[in-house]
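What the coordinates show
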Amino acid sequence: MAILGYWESGIWNTGLIVFAYQMMLILVLGHVLVLSKPMESLILVLTRLAKGPASAALLVALPTMLVTFFNWGLGLIFGAILARKVGEYAQERQIPINYPLVGAAGYTGLLVWHGGISGSAPIKAAEAGHIKDLMEGIAPAHLLPLIPESIATSLTVFSPWNLVIYLVIVLLICMLVYGLGRVARPTKTSLNPYRSREEKDHKPQGAERLDRSRILATGVGLLMLLAFGLQYSPMLRRLNITPDMLNFFMLGLALILHGSFKRFQLAVEEAIGDTAGILIQFPLYFGIMGVMADSGMISGISDFFVSIANVTTLPIFAFFSAGLVNIFVPSGGGQWAVQGPMIVESALQLGVPLPKAIMALAYGDQLTNMLQPFWALPLLGITKLKAKEILPYTLLFMLVGAVVFITGLLIS
C-alpha cells in the first residue's frame, strides 16, 4: 500500500508535469516548423541533388543530423519527409536506390539528438533549481551543498568535447551511409506523392481574413522573437539554453514561416498526434520515479554504482545503463526523470563532474534508439517502410556510435 502511494504521488508531481508539457511542445513545434513552406522548399532542393544510390543516402543522413542538433522533433519529421521525397524522386527519375537504407538515413538524427540543443537532460539541467528539485528528499544531507543551482549548456551541449564527439559521429555516419549506398542492392518502390494537410482554397470572409493574414501572423511572430531577444539575450551570450527558451523561439519562428494563423493551426493539428506517447507515458514514468525515490531504491542503486565504479568508469556504467533503460523507457525526458537522480547522486559521491555524467546518460539513451524502434514510428508511417527493413542499417549506426561515445567519455 505504501508503494502504491509513492507511485500515485509521483504521477502527479507538479514540476515533472510541467517538464512533460515542455517536452511535448519541443516535439510539436519542431514538427510544425518542418511543415512550413520554406522547409518544404529546402527538402525539394535537397531531393534534386540525389544522383545515385550513395548520394541519395548521404543527402538524407547529413541534413537530418544537422537539423536534429537544433531540435529533435524537427529532425525526426524532417528526416522522414526527406527520405520519402528522395524515394519518390528516385522512383520518378528511375534512379536505382536502396530505399530502406535511405529510410534508415532519415532516422540518424535520433543517434545524436540528446547531445543537441533540445536534449532533455542537458536543457533541463540548465534550468535554475531543476536539479535541486529533482534531488529533493533523495540526496543525503551531506551531498545537498554540492548540488548546483543549474548546469549551463555551455558545459554540456556546447562543451568542446561534446561538439567534437558530435562532429566525429556525423562524419563517420556519413561515410558509412555513402559506402553502404555504393554496395547495397537497389530496391523497388511504389510510392504515391506525400502531401501534408493543406489549407482549403476559398475566399475568406469577415474575421477569417485575420486568420489568413500574413501581415498579422508575421507581426506577432516578430514581436515574439523581439521579446525572446530582450528576455534571453544574457543567457544566449553564456550559451545557456533552457526548454522555455527553445519553445518560445520556435513558436515565433513557426508563425513567421507559416505566414498565417490558419496554416499554423493546420500544422499543429497534424503534428499533435505525435505527442500521444509522451502524454500517456510520462506520468507513468513519473510514478516509477516516485516509487524509486520514496522507497530508497535510488540511494541503494547509487551506492551500488559507487561500490563498483570510480571517477573514470562511472560515466561508462552510466552510458551502458542508460542504453539498457532506454529499451524499456523509450523517452529521453522520461529516462532523465527515472534515472537522472541516481546518476547525479553517484557522480556527487565519486566526484565525477556532473556535466560529464549527464552527457553519459544522454549518449546511452540516444545510442539504443537505433535498436529501439519506438521513435521510428513516425518515420515508418511517412516512408511506408517496416522496422525490419531499416534495423540492419540502424544497428550498424549503433555500433559506430558506441565506439565513438565510449572513446569520447574515456578521453574527455
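What this report covers is the structure whose coordinates are included nearby. Keep in mind that what you see is a predicted model, and the values were worked out from it rather than measured.

1. Looking at the layout of surface pockets
In this structure, the second largest pocket spans a volume of roughly 430 Å³. Forming the boundary of the second largest pocket are 23 residues, of which Asn13, Leu16, Asp133, Leu134 and Met289 lie nearest the centre. Of all the secondary structure elements, the ones that give two or more residues to the lining of the second largest pocket are α1 (2-11), α2 (14-34), α8 (130-135) and α14 (276-294). Here the lining of the second largest pocket is composed, by residue class, of 9 nonpolar, 9 polar and 5 charged.

2. Re the pattern of salt bridges
In total, this model carries 5 salt bridges according to the counting rule given. One salt bridge in this structure joins Glu40 and Lys37, with 4.0 Å as the shortest N-O distance. Taken as a pair, Glu40 and Lys37 lie in helix α3 (residues 37-47) at a separation of 3 residues, close to a single helical turn. Exposure remark for Glu40: the relative accessible area of 36% places this residue in the partly exposed category. Where Glu88 meets Arg84, a salt bridge forms, and the shortest distance between an N and an O atom there is 2.9 Å. Residue Glu88 and its partner Arg84 are located together in helix α5 (residues 72-93), separated by 4 residues, close to a single helical turn.

3. A word on the packing of aromatic side chains
Scanning the model with the defined rule gives 9 aromatic pairs in all. Ring plane angle 40° and centroid distance 4.6 Å describe the contact between Phe69 and Tyr166, whose orientation is recorded as tilted. Separated by 97 residues along the polypeptide, Phe69 in helix α4 (residues 53-70) and Tyr166 in helix α9 (residues 160-183) bring together distant segments of the chain. Classification of Tyr166 as buried rests on a relative accessible area of 11%. Taking the centre distance of 6.5 Å and the plane angle of 70° together, the rings of Tyr232 and Phe248 count as edge-to-face. Highlighted residues: Tyr232 in helix α11 (residues 214-237) and Phe248 in helix α12 (residues 243-258), separated in sequence by 16 residues. Residue Tyr232 is classed as buried on the basis of its relative accessible area of 15%. Among the residues examined, Phe248 registers a relative accessible area of 25% and is labelled partly exposed. Each member of the aromatic cluster is reached from another via a ring pair, and the members are Phe70, Phe228, Tyr232, Phe248 and Phe249.

Calculation rules
Residues numbered from 1 in each chain as written. Predicted model: local features only at pLDDT ≥ 70, side-chain atom pairs only at ≥ 80, totals over all residues. Heavy atoms only, no water. 1 Å grid on protein atoms, 1.4 Å probe; cavity = no way out; pocket = protein on both sides within 12 Å on 5 of 7 lines; lining within 4 Å. Points joined across faces, edges and corners; volume = space filled by probe spheres on them. Helix = DSSP H or I, 4+ residues; strand = E, 2+ residues; numbered from the N terminus. Nonpolar A, V, L, I, M, F, W, Y, C, P; charged D, E, K, R; others polar. Salt bridge = Lys/Arg side-chain N within 4 Å of Asp/Glu carboxyl O. Buried < 20%, exposed > 50% of the residue type's maximum accessible area, 1.4 Å probe, protein only. Phe/Tyr/Trp six-rings, centres within 6.5 Å; stacked < 30°, edge-to-face > 60°.

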